Amino acid sequence: MAEQTPAAVSGSSMSRQREQALVEAMLRYQVQIDPDELGPVLDLAAVGIVNSAWRNSPVEDWHSQGRLHDGDMLRINAHSSWRVREIIRRWRNDLGLGPQFRVELCDAFDSGTTDWLAVRIWRWLVNPARRLPTGWTLAELAGSDLDEYRDHADGAMGGFAATAEEYGVRYAFWRAAVHGGLACRHWWGTPAWPGLVDRFMRALDTPDDPHWRDGTRWQAIVGAAPLRAADRTGLRRLLMRRPWTLDSQTAQWVVDAGIGYLRGQLPQLPADVHDALPQ
């Protein structure tokens, strides 16, 4: 799913004030988090940053070349989101801010504050010795493409820092959170993930669930479930909390079973939102 930018939603260019108001509305009504609460915004921004700086990068070529399978992607994306979220949380704590604080406090930060954060995330992402959940290091996975990936991550994190400098720190996090909440609704770490997992678990035990189209497909998928997937309680716990700790076979089976296709329809913006936006 491509990123839904405010301009794409509106169908035209817009003023900076109007664009920021639309991003706020998208977080509130479509992503369904409180855009004024710092903790949820920063946590979801981590997902958006990982999607931009990791997933939508040369990594996609490695995936298409067979270096990474779908189950590997699920585990690495989730683990990367968790680690970047932890980096952002430590940054937030260093600034003396709690998750319940108002996001408007970010308006007092200068660009150097986010530059430091962007560099810290970039260093973790491109570290050749970074150990992936698959067991490989980044250097082992990337091979001769490591420099290309470093350049991509540099551009992505530089873009985040530039947005903070030009539009303000609050907007930079809002924009990253919108990207994570809309483009990555089927990822761990988003508001939609718990409901998606619950829907998936119900479908596994319901042969006539519409997800399967017919009982034959359900039998083919569930009948091929690895041993670890037979423990439904344990599987649900791992999917909810730490999907990167799934073994390779189980992670691939979860993807093959179609977990990503069980996300619900994206909520629409209320009809009066556009009328209420500043001109």
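Note that residues are indexed from 1 along each chain, following the sequence as it is written. Whole-chain, interface and lining totals are the exception, using all residues; otherwise, since this is a predicted model, local features are given only for residues with pLDDT of at least 70 and side-chain atom pairs are given and counted only at 80 or more. Hydrogens are left out, water is left out, and the side-chain values use all remaining heavy atoms of the structure.

In this section: the pattern of salt bridges. A side-chain nitrogen of Lys or Arg and a carboxyl oxygen of Asp or Glu constitute a salt bridge if their distance falls within 4 Å. For the structure shown, the criterion picks out 17 salt bridges. Linking R89 and D43 is a salt bridge whose minimum nitrogen-to-oxygen distance equals 2.8 Å. Linking R89 in helix α5 (residues 70–94) with D43 in helix α3 (residues 38–55), this pair joins segments that are 46 residues apart in sequence. You can call R89 partly exposed: its relative accessible area is 28%. When the shortest N-O distance is used, the salt bridge between R75 and D72 registers 3.5 Å. With R75 and D72 both in helix α5 and three residues apart, this pair spans about one turn of that helix. The way it works is that DSSP assigns letters per residue, a run of H or I at least four long becomes a helix, a run of E at least two long becomes a strand, and they are numbered from the N terminus. Buried, partly exposed and exposed residues are distinguished by accessible area as a fraction of the type maximum, computed with a 1.4 Å probe on protein chains only: under 20%, between the cut-offs, and over 50%, respectively.

Within the largest apolar cluster, 66 residues are counted, with the highest numbers of intra-cluster contacts made by W54, W62, I88, I121, Y149 and F173. Elements that contribute at least two residues to this core include exactly α2 (16–31), α3, α4 (58–64), α5, α6 (111–126), α7 (138–142), α8 (146–167) and α9 (169–183). It is α3 that contributes the most residues to this core, eleven residues altogether. Leave out the neighbours within four places in its chain, and I88 touches L42, A46, I49, L117 and I121. The criterion is simple. A nonpolar core is a set of buried Ala, Val, Leu, Ile, Met, Phe, Trp, Tyr and Cys residues joined through side-chain atoms within 4.5 Å. Grouped together as the second largest cluster of nonpolar side chains are 27 residues, W188, M201, A203 and L262 included. Residue contacts follow a heavy-atom distance rule, with two residues in contact if any of their heavy atoms lie within 4.5 Å.

This brings us to unusual backbone geometry. Positive phi is not limited to glycine here, since Q32 has a value of about 70°. Following the sequence through the fold, Q32 ends up in the loop between α2 and α3. For R213, which is not glycine, the phi dihedral falls at a positive 70°. Note on placement: R213 falls in the loop between α10 (193–204) and α11 (215–223).

Attention now goes to the packing of aromatic side chains. The aromatic pairing rule takes the rings of Phe, Tyr and Trp, using the six-membered ring of Trp, and pairs them if the centres are within 6.5 Å, calling planes under 30 degrees apart stacked, those over 60 edge-to-face and the rest tilted. Scanning all chains against the criterion turns up ten aromatic pairs. An angle of 20° between the planes, with centres 5.2 Å apart, marks the rings of W82 and W244 as stacked. On the criterion of sequence distance, the pair formed by W82 in helix α5 and W244 in the loop between α13 (232–241) and α14 (248–256) is long-range, its members being 162 residues apart. When its relative accessible area of 23% is taken as the criterion, W82 is described as partly exposed. A relative accessible area of 6% places W244 in the buried class.

Relative to the elements of secondary structure, W91 occurs in helix α5. Classification of W91 by relative accessible area gives buried; the value is 2%. C-alpha separation for the pair W91 and A161, spaced 70 residues apart in sequence, amounts to 15 Å. Contact partners of W91, with chain neighbours within four places excluded, come to L42, F109, T113, T114, W116, L117 and F173.

Before going further, it helps to examine the packing of α5 against α6. Following both chains from N to C, one finds α5 and α6 inclined at 150°, their axes separated by 11 Å at the closest point. Judged by the angle between their axes, α5 and α6 are roughly antiparallel. With respect to the hand of their crossing, α5 and α6 are arranged in right-handed fashion. Together, H79, S80, R83, V84, I87, I88, R90, W91 and D94 of α5 and T113, T114, W116, L117, R120, I121 and W124 of α6 make up the contact between the two elements. Three residue categories are used. Nonpolar comprises Ala, Val, Leu, Ile, Met, Phe, Trp, Tyr, Cys and Pro, charged comprises Asp, Glu, Lys and Arg, and polar comprises the others, including Gly. Each residue belonging to the contact of α5 with α6 can be placed in one class, and the counts come to eight nonpolar, four polar and four charged. Axis geometry follows a simple rule: fit a line to the C-alpha atoms, using only the stretch in contact for helices, then measure angles between N-to-C directions, giving values from 0 to 180 degrees. Throughout this description, any angle smaller than 35 degrees is read as roughly parallel, any larger than 145 degrees as roughly antiparallel, any in the 65 to 115 degree range as roughly perpendicular, and the remainder as oblique. Handedness of a crossing is defined here by the sense of rotation of the near helix relative to the far one, left-handed for an anticlockwise turn of less than a right angle and right-handed for a clockwise turn.

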